[in-house]
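Below are the chains, spelled out letter by letter.
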Amino acid sequence: MTTATTAEKVAEFLLWPGTKICNLLGIPPADDMGLIRSMFNMLVYLCVLLPVLWIIL
């Protein structure tokens, strides 16, 4: 059994939305070197962080 480092745990947490969406669509997250997963992550974090930024500013 291997233990994940703190950096791996943080990366797994940040990549979770894209990984989950890819799995739901039946796309392996590692395909295209993670570009599809990255796109989904950017869309999710844009929709989450942009309203927060608008509220703060």
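Read on for a plain summary of the structure. What you see is a predicted model; the values in this text were computed from it and never measured.

### As for the overall build of the chain
- A tally of regular secondary structure across the chain gives two helices and zero strands.
- Relative to the 2.2 N^0.38 estimate, which gives 10 Å for 57 residues, the radius of gyration of the chain is 14 Å and therefore markedly larger than a compact globule would have.
- Taking the principal axes of the C-alpha coordinates as reference, the chain spans close to 45 × 30 × 15 Å.
- Here the chain, with 57 residues, has 12% of them falling under the buried criterion.
- When the accessible surface of the chain is totalled, it reaches about 4900 Å², and 75% of it is carbon and sulfur.

### Remarks on helix α2 (residues 35-56)
- End to end, α2 covers 30 Å across 22 residues, agreeing with the expected 32 Å (1.5 Å per residue, within 8%).
- The sharpest bend along α2 measures roughly 25° and falls at L46.

Each value, and the rule that gives it
Residues numbered from 1 in each chain as written. Predicted model: local features only at pLDDT ≥ 70, side-chain atom pairs only at ≥ 80, totals over all residues. Heavy atoms only, no water. Helix = DSSP H or I, 4+ residues; strand = E, 2+ residues; numbered from the N terminus. Rg over C-alpha atoms; globule rule 2.2 N^0.38 Å. Buried < 20%, exposed > 50% of the residue type's maximum accessible area, 1.4 Å probe, protein only. Areas by Shrake-Rupley, 256 points an atom, 1.4 Å probe, with all protein chains shown as cover. Expected span 1.5 Å × (residues − 1). Bend = angle between axes of the 7 residues up to and from the residue.

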